[in-house]
Protein chains: 2
Amino acid sequence: MKVLYETAEVKRWRRKHSGSVGFVPTMGYLHEGHVELIRRARAENKNVAVSIFVNPTQFGPREDFAAYPRDPERDLSLLKQEKVDVVFMPDAEEIYPPQSNTWVEVGSVTERLEDAFRPGHFRGVATVVAKLFGIVEPTRAYFGQKDAQQLVVIRKMVDDLNMNVEVVAVPTVRELDGLAMSSRNVYLDPEERESAVVLYKALSRAQKLWGKGERSAELLRKEITSLIESEPKATIDYVSIADPETLEELEQIEDHALVSMAVRIGKTRLIDSMTLGK
Amino acid sequence: MKVLYETAEVKRWRRKHSGSVGFVPTMGYLHEGHVELIRRARAENKNVAVSIFVNPTQFGPREDFAAYPRDPERDLSLLKQEKVDVVFMPDAEEIYPPQSNTWVEVGSVTERLEDAFRPGHFRGVATVVAKLFGIVEPTRAYFGQKDAQQLVVIRKMVDDLNMNVEVVAVPTVRELDGLAMSSRNVYLDPEERESAVVLYKALSRAQKLWGKGERSAELLRKEITSLIESEPKATIDYVSIADPETLEELEQIEDHALVSMAVRIGKTRLIDSMTLGK
């Protein structure tokens with residue numbers, strides 16, 4: 001496994017490897033969710049590239065960029081076990097040299113849900129993913145469904161800019177009690193960790209009602225909201241029942257809907273999501 | 001020569017042609033300047049692709065989008081003569097489908113010179129070039145030096161987003177009297193056409209002074225300005241002596257400078273430029 005720190009090295013590696021490249025961009029502190037992305041990439045491509053880069057531009061000024069958990073040594077040993085071919089671990093200057101000043105702005109689908117709480121977040125995400133795609137030139141890129149809006153934004157960028165990469169969505173990996181795997185789960189103290197399962201409980205409730213034929217988005221929103229509100233440590237940022245492509249809030253669900261939410265458990269902000277129908 | 005109208009067709013063509021691809025993006029109404037770009041692309045690549053697309057998003061609301069000269073039949077016969085392999089002639093919906101909403105914003109270098117007179121112009125340019133690069137995936141892309149700021153913006157986008165394409169700058173082709181070739185020259189009536197040579201005269205004056213050892217940017221600006229102002233049909237938008245990479249205005253010229261200007265001759269807005277030093 002090659003560990004590379006410079007853009008030029010990765011570009012050189014890419015020129016030497018003409019077969020398919022599966023790419024998993026990460027912010028490190030890898031968990032089972034990442035492993036699932038990597039295994040999928042490993043199964044579907046001749047080469048697998050993983051990036052570890054805590055992207056400063058997708059964090060707001062009062063967010064947890066500095067505190068974001070990091071453990072490169074453990075990450076690398078895990079990536080080696082998963083037979084990754086190349087790991088790209090740039091520093092911030094490598095991705096954002098001082099004179100760098102180009103941004104990818106995805107409209108509409110970025111202006112909902114997370115955007116109200118993390119303004120500019122998706123500008124940072126779209127830009128760094130565009131830069132990484134430029135460096136790695138992947139055949140396929142793998143993203144988790146947990147970050148549902150991110151997935152929509154990246155698909156939209158790839159479509160709109162005609163990027164030659166297949167975006168692959170991989171189902172969310174969950175703890176035994178249903179909590180979605182996330183690097184930020186490490187922030188939770190034991191009591192908060194127990195409370196955090198409320199997100200999954202709420203999603204499961206929505207899915208059950210859907211299964212019984214409920215099609216009113218407003219009713220589902222209310223059910224989810226009151227279930228989460230019954231958890232004393234939980235504070236809702238948003239609960240959304242939206243069109244999975246446009247992210248527009250629905251009144252009535254036709255064929256399918258994206259249920260997504262952001263909930264703070266103590267000081268830790270968690271997101272989770274699930275698709276109803278197809 | 002293949003003439004293709006759809007993105008998917010061009011992508012399919014590209015997959016079948018693994019050798020180098022030289023790409024010349026144009027807005028059509030081709031002149032000797034374009035021919036120069038194409039010949040250079042022809043000499044340096046196995047395949048040559050040309051796009052003809054009058055890009056609506058780089059025109060301001062009161063600009064000449066509707067009036068911009070078009071002659072696809074003549075263009076195609078010329079491209080065939082030059083042994084172009086593939087011509088991409090999309091309509092606006094093909095490049096900007098209704099749901100499309102992703103923009104490439106290049107900072108700093110877009111916020112000078114032309115931007116004061118054509119706000120948003122370079123956002124349109126950067127976005128369409130990114131889209132076309134995504135479709136064509138060229139090895140090399142060819143741009144004229146006449147549009148000096150455009151060249152700087154595209155180089156910056158390619159660098160910042162790590163795009164895998166070599167940007168090649170091709171010297172400006174001029175009429176016998178020095179007027180830079182431009183599709184917009186067709187707007188000039190015979191008297192204006194004579195007046196239009198004042199841009200080249202001004203550039204030549206700057207070059208002569210530079211050759212004699214003049215290094216004060218302010219003095220060159222004044223010389224150029226007064227020469228242009230002596231032409232009754234000419235109105236200056238700007239005269240700039242700037243750093244060729246950052247486009248920051250200079251006081252004193254060290255090794256090199258970009259002299260650029262926008263001048264209206266009657267109702268026709270013309271730009272021209274020249275590099276002093278290296």
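Reading guide: rules and limits
- Residues numbered from 1 in each chain as written.
- Chains lettered and ligands numbered in written order.
- Predicted model: local features only at pLDDT ≥ 70, side-chain atom pairs only at ≥ 80, totals over all residues.
- Domains from an automatic or database assignment.
- Contact = placed C-beta atoms within 7 Å.
- Helix = DSSP H or I, 4+ residues; strand = E, 2+ residues; numbered from the N terminus.
- Nonpolar A, V, L, I, M, F, W, Y, C, P; charged D, E, K, R; others polar.
- Pairing = 2+ DSSP bridges.
- Least-squares fit on C-alpha atoms with pLDDT ≥ 70 in both.
- Axes fitted to C-alpha atoms, helices over the stretch in contact; angles between N-to-C directions.
- Expected span 1.5 Å × (residues − 1).
- Buried ≥ 20, exposed ≤ 12 C-beta atoms within 10 Å, placed from the backbone.
- Arc of directions from axis to C-beta.

**Details of the domain arrangement of chain A**
All names here are of chain A. When its domains are assigned, chain A resolves into domain 1 (2–170) and domain 2 (183–272). For domain 1 and domain 2, the distance between their C-alpha centres works out to 26 Å. With 14 residues of domain 1 at the interface, the matching set in domain 2 holds 13 residues. The greatest single-element share of the side of domain 1 that touches domain 2, amounting to 3 residues, is contributed by helix 7 (residues 148–160).

**With respect to the interface of chain A and chain B**
At the interface, 22 residues of chain A touch 22 residues of chain B. The set of elements that each furnish at least two residues to the side of chain A that touches chain B consists of strand 5 (102–106), helix 6 (121–136) and helix 7 of chain A. Ranked by residues supplied to the side of chain A that touches chain B, first place goes to strand 5 of chain A with 5 residues. Across the side of chain A that touches chain B, the residue classes break down as 8 nonpolar, 9 polar and 5 charged. In this sheet, strand 5 (residues 102–106) of chain B lies alongside strand 5 of chain A in antiparallel orientation, the contact comprising 5 bridges. Looking at strand 5 of chain B, one finds that Val 104 of chain A is bridged to Val 104 of chain B.

**Some words on the relation of the copies chain A and chain B**
Superposing chain A onto chain B requires a rotation of 180° together with a translation of 0.0 Å along the rotation axis, leaving an RMSD of 0.0 Å. The symmetry that links the two subunits is that of a two-fold axis. For chain A, the smallest separation between a C-alpha atom and the rotation axis is recorded for Val 104 of chain A, amounting to 2.4 Å. Residue by residue, 100% of the interface of chain A is reproduced at the interface of chain B, so both copies engage with the same surface.

**Looking at the sheet that holds strand 9 (residues 257–265) of chain A**
Sheet strands pair via backbone hydrogen bonds, and the direction of the pair is either parallel or antiparallel. Residues and elements named next belong to chain A. The antiparallel open sheet is built from 3 strands, whose spatial order is 8-9-10. Among the strands making up the open sheet, the edge pair consists of strand 8 (234–242) and strand 10 (268–276). The sheet shows a mean angle of 10° between the axes of neighbouring strands, direction not considered. Examined bridge by bridge, strand 9 and strand 10 share 9 bridges and lie antiparallel to one another. Counterpart to Val 259 in the pairing with strand 10 is Met 274. Taken strand by strand, helix 9 (residues 198–211) contacts strand 8, strand 9 and strand 10, and its axis lies near 20° from that of strand 10. Where helix 10 (residues 217–229) meets the sheet, it contacts strand 8 and strand 9, and its direction lies at approximately 165° from that of strand 8.

**Observations concerning helix 9 (residues 198–211) of chain B**
Residues and elements named next belong to chain B. Across its 14 residues, helix 9 extends 20 Å between first and last C-alpha, which sits within 8% of the 20 Å expected from 1.5 Å per residue. Turning to helix 9, its buried residues are Val 198, Leu 199, Ala 202, Leu 203 and Ala 206. Viewed end-on, helix 9 has its buried residues packed into an arc of 145°, placing them on one side of the element. Exposed and oriented more than 90 degrees from the buried face of helix 9 are Lys 208 and Gly 211. Buried-residue contacts for helix 9 involve helix 8 (190–195), helix 10 (217–229), strand 8 (234–242), strand 9 (257–265) and strand 10 (268–276). Just past helix 9, the residue Gly 213 takes up positive phi, approximately 105°.

**Quick look at the environment of Glu 105 of chain B**
Mapping Glu 105 of chain B onto the fold places it in strand 5. Residue classification places Glu 105 of chain B among the partly exposed positions, given that 17 C-beta atoms sit within 10 Å. Spatially, the C-alpha atoms of Glu 105 of chain B and Tyr 200 of chain B are 31 Å apart, while their sequence positions differ by 95 residues. In contact with Glu 105 of chain B, other than residues within four places in its own chain, are Thr 102, Trp 103 and Glu 105 of chain A together with Arg 123 of chain B.

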